[in-house]
Structure formats: C-alpha cells, structure tokens
Amino acid sequence: MTLAAIIDLRSDTVTRPTPEMRAAMAAAEVGDDVYGEDPTINLLEKRAAETFGREAALFVPTGTMGNQIGIRLHTQPGQEVICESRSHILDWEMATAAVFSGCLVRAVPTADGILRWKDIEPAIKKRGSFHAATGLIEIENTANMAGGRVTPLAVMEEIWAQAKERKLPVHLDGARIFNAAAALGVDVKTLTRGFDSVMFCLSKGLCAPVGSMLTGSAELIEQARIYRKALGGGMRQAGILAAAGLIALEQMPARLKEDHTHARLLAEALSHMDGVSIDVDTVETNIVIFELTGAVTPANAIAGLKARGILASIVGPNLIRLVTHHDVNRAACVTAAEALTEVLEVSTAA
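Owing to the predicted nature of the structure, the values given are computational and were not obtained by experimental measurement.

With seven of its seven residues buried, strand E5 (residues 134-140) lies for the most part within the structure. As defined by bridge partners, strand E3 (residues 80-84) adjoins E5 across three bridges and the pair is classed as parallel. Looking at the pairing, Ile82 lines up with Ile137 of E5. Two strands pair when backbone bridges link them, and E5 and strand E6 (residues 170-174) are joined in this way by four bridges, in the parallel orientation. Looking at E6, one finds that Ile137 is bridged to Val170. Read as a crossover between parallel neighbours, the route from E5 over helix H7 (residues 153-165) to E6 is right-handed.

Shown next as structure tokens:
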C-alpha cells in the first residue's frame, strides 16, 4: 500500500508541508540564526510575538524543548511544577524537568483533564524545611490525553489571578492552542494573556514540517536563547524552516474547524458501535479517544485497521486515539469510520 493510500490518524504530527510551504522554504532568505542574522527566523519571531501580544518570541525545534526551556526559566532546582496528571510534560518529555531543571512534577488528577484552581490550590507548597516548594503551575490547552479537551477562558482567568496573588508563574503548553482558540471562538492573544510564557507548535495542525515557538517578555526570551543553546537547539540557516512556519502561523489556523468537524464525525460513528464507550460531547477539537469495552483488544483493533489502510494509536490499556488533520479530508474520515465498524463488528461477532 502506498503512503498516499494510507489514512493516518495516529497524530496531527504526521502532516506534511503544503506546496506553498515547500516553495517558500526553497526561496527563503537565510543567515546564521545563532548570530541572530537569519532574516526569516527574525520575521517569524516578530510575527509570533505580535500574534500573542508579547515582547519577544523564540523559534525552537520542538514543543518539548519549548516547554522545558519554559520550566527552566521559571524555577529553581528542588522545586515542584504543578500540572494535570495526563500532561505532556509528565508523560512524554523524558523526565527532562528533573534532568534539566532539577524539578519534580507534581501531577494533579482531574476527572476531565482540565486543571482548575480548586485542583491546584491544595497541591501548592510553600518554601519550608520538609517539602519542595511549588515553583510553577503548568497548563496544557488543549489537553492531548484528555481527548483534546479545551480549558475555557474563565477557568484560566481564575488561575492567573490566584497564581499572581501567590507570586507563582504560570506556563502554557499550547501545542494546540490554535485548536482551543478555534473551538472557543477566542483569539490566541486573549486566550493566553495571563501566562508568563507560552509555547505553541507550528507543526501538528498548522502543518509546518518542524518547529515550535516560545513567547514571553524580552528578558525571558533573552535567557531562553541561552537555554536553547544548552539543549542543542541553536540552529544555523534555519530560515528554511521559518519560511514554512510563517505560513503555518498566518494561514493555517483558519482551517482548524474543519478538523474539528471531522473528529466529531468519527466520534458520532463510534458512538453507535457495540463494544465502544465514548462521550461525543467531550470531542471538542481534533482528538478522539475511545474505550474498547468488549472482547476486542486494542492490539487487534489497530492491526485490523492497519490491514485496511487506517493508522491509529493505542494510548491506554483499552484506549485508542484518532487525530484529524489537514492531510485527512472528510472522505477519508468516512472511510475510516467504515473500517472501524468492520473491525469492531467482526471482532465483536467473533
């Protein structure tokens, strides 16, 4: 089966750069970014800062690097970082908060993956002789492993206000913040205004082949450049990547609602299948996570889908994740829904 024939729903990280991005990359004006001389990188950082209403921004190779620089900026070794128990910084970033920042992640479980002040407050620890003090609060919006759930603006406003009162910084893992903005109908500047630093991805749903951005004050970003270099993220003629990033930032957010519609299509189809548990109302963006409740195992389901040209991910003992994106249109999602029905109905009947 050719790559073009495969319907890849494992993640929105599999998106390929658009033809316009490829043309822009080929024509990009470049320089040495470690010297601050790449004009395309400089333009991307300027536009990112403007979009989020910040003084400065920094291009980094990955969202993980952006998050880990953010943690290092706000903490001291021996402190704790409060996050939701399914957060990316806890489960998918290789314990780098411990290695690079010397911090412990304090995971707070919630029923829906959305961290609220009532969840955060009991976990806060003051500096003392017996406990590691809280140094940072981290929010992930959208919440990947909670099925792409969106944290509402009012919830974040309470967190910002209460954290500020306690002099605690707040970092946003906004890998998919443009998806949250599309779902809420709120611009990203408003949706992130109370965070001390914001990381967002140009890849994933925005389709750039590589790259994320870290935004904040000029002072923070100046220090972030040093930490980026320490992590091996200082790149040279990176304007080739920034050229695609500019298109991702300026053009691609407008189409994200289409991905959300396709995710809802898949969720609706799954809700009518035997041996599947899913709450359609929780599918707010481009991620669908469902539970297998019958005899079929996730491994068998994944294998059956793959045999039909559909790729999906196992994300828990009985959980499967589907992620819609630019490279999977409505017709492909209909085909995927039909394949899911075949796999699960055959397995259930057996």
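So that's the structure; there's more coming.
Glancing now at the state of the cysteines. Within the structure shown, the criterion is met by zero disulfides. A disulfide-free cysteine, Cys207 has its sulfur positioned 13 Å from the sulfur of Cys201, the nearest such atom. Here Cys333 is not disulfide-linked; the sulfur of Cys207 is the nearest cysteine sulfur, at 14 Å. Owing to a relative accessible area of 0%, Cys333 belongs among the buried residues under this scheme.

Moving on: the packing of helix H3 (residues 63-74) against helix H10 (residues 218-230). Between H3 and H10, whose axes approach to 10 Å, the crossing angle comes to 120°. By the angle class used here, H3 and H10 are oblique. Here the hand of the crossing between H3 and H10 comes out right-handed. Residues Met65, Ile69, Arg72, Leu73 and His74 of H3 lie in contact with H10, whose contacting residues are Leu220, Gln223, Ala224, Tyr227 and Arg228. The residue makeup of the contact of H3 with H10, split by class, is six nonpolar, two polar and two charged.

As a further point, take the packing of helix H8 (residues 177-184) against helix H12 (residues 256-271). Where H8 contacts H12, the axes come no closer than 9 Å and their chain directions differ by 80°. Judged on the interaxial angle alone, H12 and H8 are roughly perpendicular. Here Phe178, Asn179, Ala182 and Ala183 of H8 come into contact with H12, specifically with Leu256, Lys257 and His260. When its residues are assigned to classes, the contact of H8 with H12 shows four nonpolar, two polar and one charged.

Position of Ala97 among the secondary structure elements: in helix H5 (residues 96-101). Placed 73 residues apart in sequence, Ala97 and Val170 show a C-alpha to C-alpha distance of 15 Å. Other than its neighbours up to four places away in sequence, Ala97 contacts Gln68, Ile71, Gly102, Cys103 and Val105.

Below, the discussion takes up the packing of aromatic side chains. In total, this model carries five aromatic pairs according to the counting rule given. Plain terms: the ring middles of Phe52 and Phe200 are 4.5 Å apart, the flat faces sit at 20° to each other, and that makes the pair stacked. Placement of Phe52 in the loop between helix H2 (39-51) and strand E2 (56-60) and of Phe200 in strand E7 (residues 197-201) is noted, with a sequence separation of 148 residues between them. Comparing Phe52 with Phe200 shows no difference in burial state: the two are buried. Aromatic side chains Trp160 and Phe195 sit 5.3 Å apart centroid to centroid with 80° between the ring planes, which places their arrangement in the edge-to-face category. On the criterion of sequence distance, the pair formed by Trp160 in helix H7 and Phe195 in the loop between helix H9 (188-191) and E7 is long-range, its members being 35 residues apart.

This brings us to unusual backbone geometry. The amide bond that connects Asn141 to the next residue, Thr142, takes the cis arrangement and shows omega of 5°. Inspection of the secondary structure assignment puts Thr142 in the loop between E5 and H7. A positive phi angle is found at Ala95, which is not glycine, with a value near 55°. Looking at the secondary structure, you find Ala95 in the loop between helix H4 (88-91) and H5. On the basis of relative accessible area, Ala95 is assigned to the partly exposed category, the value being 46%.

Most of strand E10 (residues 287-292) sits out of view: five of its six residues are buried. The pairing of strand E9 (residues 276-277) with E10 spans two bridges and is antiparallel. The residue of E10 that forms the bridge with Ser277 is Glu291. Taken together, the five bridges between E10 and strand E13 (residues 319-323) define a ladder with antiparallel strand orientation. Directly across from Ile289, in E13, lies its bridge partner Arg321.

The terminal C-alpha atoms of H3 lie 17 Å apart, and with twelve residues this matches the ideal 16 Å at 1.5 Å per residue to within 8%. Burial within H3 is extensive, with ten of its twelve residues counted as buried. All buried positions along H3 are accounted for by Gly63, Met65, Gly66, Asn67, Gln68, Ile69, Gly70, Ile71, Leu73 and His74.

Summarising the element assignment, Asp12 is placed in the loop between strand E1 (7-8) and helix H1 (19-27). There is a polar contact of 2.7 Å between the side chain of Asp12 and the side chain of Arg176. Beyond its immediate sequence surroundings of up to four residues, Asp12 is in contact with Arg176, Lys204, Gly205, Asn286, Val323, Thr324 and His325.

The rules behind the values
- Residues numbered from 1 in each chain as written.
- Predicted model: local features only at pLDDT ≥ 70, side-chain atom pairs only at ≥ 80, totals over all residues.
- Heavy atoms only, no water.
- Buried < 20%, exposed > 50% of the residue type's maximum accessible area, 1.4 Å probe, protein only.
- Helix = DSSP H or I, 4+ residues; strand = E, 2+ residues; numbered from the N terminus.
- Pairing = 2+ DSSP bridges.
- Right-handed = clockwise from strand over helix to strand, strands pointing away.
- Disulfide = S-S within 2.5 Å.
- Axes fitted to C-alpha atoms, helices over the stretch in contact; angles between N-to-C directions.
- Parallel < 35°, antiparallel > 145°, perpendicular 65-115°, else oblique.
- Left-handed = near helix turned anticlockwise from the far one by under 90°.
- Contact = heavy atoms within 4.5 Å.
- Nonpolar A, V, L, I, M, F, W, Y, C, P; charged D, E, K, R; others polar.
- Phe/Tyr/Trp six-rings, centres within 6.5 Å; stacked < 30°, edge-to-face > 60°.
- Expected span 1.5 Å × (residues − 1).
- Polar contact = N/O pair within 3.5 Å; in protein donor to acceptor, adjacent residues only side chain to side chain.

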